[in-house]
Amino acid sequence: MHRLFKATILLVFALLLSNSAIYAQSPTHYYVEIKTGKGNAILKLYNETPLHRDNMVRLVRANFYDSLLFHRVINQFMIQGGDPGSKFAVDKQSLGEGGPGYDVPAEIQEQLIHKKGTIGAARDNNPEKKSSGSQFYLVQGKKFSEAGLDSLETMRLKKKLTPKQRETYTTVGGVPHLDGEYTVYGEIIDGLDAVDSIAKVETDGRDRPVANERMSMRTLTRDEALKIELGAVPKRGFFSSIFSKAPAQEYTLTPSKK
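Presented here is a report on the structure given in the accompanying data block. All values derive from a computational prediction rather than experimental measurement.

## Here we look at the sheet that holds strand β2 (residues 39-45)
Strand pairing in a sheet is mediated by backbone hydrogen bonds. Such pairs are either parallel or antiparallel. Spatially, eight strands are ordered β3-β4-β8-β6-β9-β2-β1-β10 in an open sheet, and the strand pairing comes out antiparallel. With one partner strand each, in any of the chains shown, β3 (70-74) and β10 (215-219) form the two edges of the open sheet. The sheet shows a mean angle of 25° between the axes of neighbouring strands, taken without regard to direction. With five bridges connecting them, strand β1 (residues 31-36) and β10 associate as antiparallel partners. If you follow threonine 36 over to β10, its bridge partner there is methionine 215. Across the sheet, helix α5 (residues 192-199) touches β1, β2, β3, β4 (78-81), β8 (136-139) and β9 (184-190), and the angle it forms with β3 is around 85°. Against the sheet, helix α6 (residues 222-230) touches β1, β2, β9 and β10, its axis set at about 105° to β1.

Here you go:
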């Protein structure tokens, strides 16, 4: 009986340690769910672009994007949204000039390219390539042949693509001519079909969908993010609840320096 009691105590202690180790962890990335009438997608935000990452998280948690339109859609290129003026826009209204009243400094990085499913920050023609505070685009693009990339290098880019770019754009696809010009700050890890579906809708002469395509967003909770990163999160029980001060709630990564 004494041995059984001792074994039980050790098992309980092991479970406590296991749960405390798991729930002491914080996810390594932020994730955003984008909900649309054509399906939902999960977006992983890059830590390599902390200003854009943190800006989007703030806006999403403030419900900034809820009910906004994808106001510019070009098949085999991208779908764009984030103009606050689109929330109550009338039919055929010109959109694309609105924002939260500030820009985000460029965080353009060579290794973050415009492969299919990435999110990039829209911008105007400012020389610093600063990003719009809220407008973004989701890349659809297309797959290129080697000959097609050769032609793009010669006729438009006037420079050579890297081996990584060539491999990506011939297998995954994307929009190579945007590389180095706009900040890429995340990628869709689930739900690319939603981008393809929206990209195919009928549009007018300004590339605005004839039928409104609205969005809403939310940041994934700590448990949801851990499930993605660890593969599974244990069910919450008595012991796990002891170590989790914020069950099924938001979490915070190390903030970027402003």
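## A closer look at the side chain of threonine 118
Structurally, threonine 118 is set in strand β6 (residues 118-121). There is a polar contact of 2.7 Å between the side chain of threonine 118 and the backbone oxygen of lysine 115. Dropping the residues within four chain positions of it, threonine 118 is found in contact with Tyr46, Ile113, Tyr137, Leu138, Val139, Val184, Gly186 and Glu187.

## Thoughts on the nonpolar core
Core analysis: the largest hydrophobic core is formed by 34 residues, its most contacted members being Met56, Tyr65, Phe70, Phe136, Leu138 and Met217. Here phenylalanine 70 is in contact with Ile34, Thr36, Ile79, Gln80, Gly81, Phe136, Leu138, Ile198, Pro209, Glu213, Arg214 and Met215, once residues within four sequence places are set aside.

## As for the packing of aromatic side chains
Counting across every chain of the model gives five aromatic pairs. Judged by centre distance (5.3 Å) and plane angle (80°), the ring pair of phenylalanine 64 and tyrosine 65 falls under edge-to-face. Grouping residues by exposure puts phenylalanine 64 and tyrosine 65 together as buried. With 6.3 Å between their ring centres and 85° between their planes, phenylalanine 70 and phenylalanine 136 make a pair best called edge-to-face. Separated by 66 residues along the polypeptide, phenylalanine 70 in strand β3 and phenylalanine 136 in strand β8 bring together distant segments of the chain. For the residue pair phenylalanine 70 and phenylalanine 136, the accessibility class agrees, reading buried in each case. Within the aromatic cluster, the residues linked to one another by ring pairs are Phe64, Tyr65, Phe70 and Phe136. The ring of tyrosine 182 has arginine 123 sitting right over it, with the charged end atom 4.5 Å from the ring centre. Above the plane of the ring of phenylalanine 144 lies lysine 142, whose end atom (NZ or CZ) is 5.3 Å from the centre.

## What about α5?
All buried positions along α5 are accounted for by Ala194, Val195, Asp196, Ile198 and Ala199. Contact partners of the buried residues in α5: β1, β2, β3, β4, β8 and β9.

## Description of the packing of helix α3 (residues 146-157) against helix α4 (residues 163-171)
The interhelical angle for the contact between α3 and α4, taken along N-to-C directions, is 125°, at an axis separation of 10 Å. Taken together, the axes of α3 and α4 lie oblique to each other. Like other packed secondary-structure pairs, α3 and α4 cross with a definite hand, here right-handed. Facing α3, whose interface residues are Glu146, Leu149, Asp150 and Glu153, α4 presents Arg166, Tyr169 and Thr170. Partitioned by chemical class, the residues of the contact of α3 with α4 number two nonpolar, one polar and four charged.

Calculation rules
Residues numbered from 1 in each chain as written. Predicted model: local features only at pLDDT ≥ 70, side-chain atom pairs only at ≥ 80, totals over all residues. Heavy atoms only, no water. Pairing = 2+ DSSP bridges. Helix = DSSP H or I, 4+ residues; strand = E, 2+ residues; numbered from the N terminus. Axes fitted to C-alpha atoms, helices over the stretch in contact; angles between N-to-C directions. Contact = heavy atoms within 4.5 Å. Polar contact = N/O pair within 3.5 Å; in protein donor to acceptor, adjacent residues only side chain to side chain. Core = buried A, V, L, I, M, F, W, Y, C linked by side-chain atoms within 4.5 Å. Buried < 20%, exposed > 50% of the residue type's maximum accessible area, 1.4 Å probe, protein only. Phe/Tyr/Trp six-rings, centres within 6.5 Å; stacked < 30°, edge-to-face > 60°. Lys NZ or Arg CZ within 6 Å of the ring centre and 35° of its normal. Parallel < 35°, antiparallel > 145°, perpendicular 65-115°, else oblique. Left-handed = near helix turned anticlockwise from the far one by under 90°. Nonpolar A, V, L, I, M, F, W, Y, C, P; charged D, E, K, R; others polar.

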